[in-house]
Amino acid sequence: MRHAKGCAMFYGLLFVALLTMQAVAASPAKPQQVVYPRPESEHDSRYLYDWEVLRTALDKTRARFGPYELRQASQFMSPARVTAEAAGVGSINLFVRATSVQLEQQFRPVRIPVDRGLIGYRLLLVRHEDLPQFAGVRSIEQLRRFSIGQGKGWVDVGILQAGGFKVVEGNNYDGLFSMLEVKRFDALSRSVDEALSEYDQWHKRFGFEVEPDIALYYPLARYFFTRRDAEGDALASRLEAGLEAMVQDGSLQALFMTYKGPLIKRSGLGRRRLFRIPNPDLPPQTPLGRSELWYRPQELAGKR
């Protein structure tokens, strides 16, 4: 009798467990939460391409990793604030930034350059009256005579200083253009796409120009970064899979050309005098050997 009751109880518990497992399997997976930062100000449009790449990478991994919810933080944030939020208990669990050894130690990098390394190709925003001075530059030594403006905490600051340049840092993004106007520095160094976009947005107000003949280059990658915890590792693994899929099917290059191609053409990058300096803070794990991940100026040479 006891044996029969024990069997009945066992099968009853087993039946309940099976129903529970079926209910869990049938219920939709909880969406993966992805929260990225707002830019530094309402005028800052630098990250539109990055978030489109992010959305595409998440979409391409939906079948494997499940649904996701993507949203932007509620407040404008400086780079320092973004780092503090991502490192602490803030809502942000992903951001995009030029890499460095220190940053890769603190956060989990997804080592596929979001902008295909375009950030390493730099143009100069200069005051209109200073254009003749830059027209005479024929060597890196001559270029070093000019002071360069950068945002406080940008990884480019250390690279330029190591390359022998005097660097003047500004505390906020919008203020850099005012600093150029009032001669706090001689030139504002920006990536190819940033320089042209910012010229369109700001030149009527501040009167600066894109210097037409010079480009500076140093190897640099912009990555997505996540926290170094279980949730961050899961998100990074998903993004690695999504970005690799985008590289293989050509969609990363297609997005890059859609967003960046017209600005690159307009810049005349391929005909400029290109001065190179090293990046002493480039992490050794940077995938420089994977040529398919990196933009080369020749890619647009036949499309002008």
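Okay, so let's go over this structure.

The rules behind these values
- Residues numbered from 1 in each chain as written.
- Predicted model: local features only at pLDDT ≥ 70, side-chain atom pairs only at ≥ 80, totals over all residues.
- Heavy atoms only, no water.
- Pairing = 2+ DSSP bridges.
- Helix = DSSP H or I, 4+ residues; strand = E, 2+ residues; numbered from the N terminus.
- Axes fitted to C-alpha atoms, helices over the stretch in contact; angles between N-to-C directions.
- Salt bridge = Lys/Arg side-chain N within 4 Å of Asp/Glu carboxyl O.
- Buried < 20%, exposed > 50% of the residue type's maximum accessible area, 1.4 Å probe, protein only.
- Phe/Tyr/Trp six-rings, centres within 6.5 Å; stacked < 30°, edge-to-face > 60°.
- Lys NZ or Arg CZ within 6 Å of the ring centre and 35° of its normal.

**Some remarks on the sheet that holds strand 4 (residues 108-110)**
Okay, step 1: Read from one edge to the other, the open sheet built from three strands follows the order 3-11-4, with strand pairing classed as antiparallel. If you trace the sheet from one side to the other, it starts and ends with strand 3 (94-98) and strand 4, each paired once. Here the average twist between neighbouring strands, direction ignored, is 35°.
Okay, step 2: For strand 3 and strand 11 (residues 222-226), the ladder comprises five bridges, and the chain directions are antiparallel. Considered in strand 11, the bridge of valine 96 is made with phenylalanine 224.

**Some words on the pattern of salt bridges**
Okay, step 1: Counted under the stated rule, the structure contains 20 salt bridges.
Okay, step 2: One salt bridge connects glutamate 104 with arginine 111, and the closest N-O pair in it is separated by 2.7 Å.
Okay, step 3: Residue class for arginine 111 comes out partly exposed when judged on its relative accessible area of 29%.
Okay, step 4: The partner of arginine 266 in a salt bridge is aspartate 200, with the nearest N and O atoms 2.7 Å apart.

**What to know about the packing of aromatic side chains**
Okay, step 1: For the structure on display, the rule yields 16 aromatic pairs.
Okay, step 2: Between tyrosine 47 and tryptophan 51, the ring centres sit 6.1 Å apart and the planes meet at 25°, which makes this aromatic pair stacked.
Okay, step 3: An aromatic cluster is present here, built from Tyr49, Tyr121, Tyr217, Phe256, Tyr259 and Tyr295 joined pairwise through their rings.
Okay, step 4: One Lys or Arg, arginine 116, reaches over the ring of phenylalanine 256 and ends 5.1 Å from the middle of that ring.

Everything listed is a geometric property; what it means functionally is a separate question.
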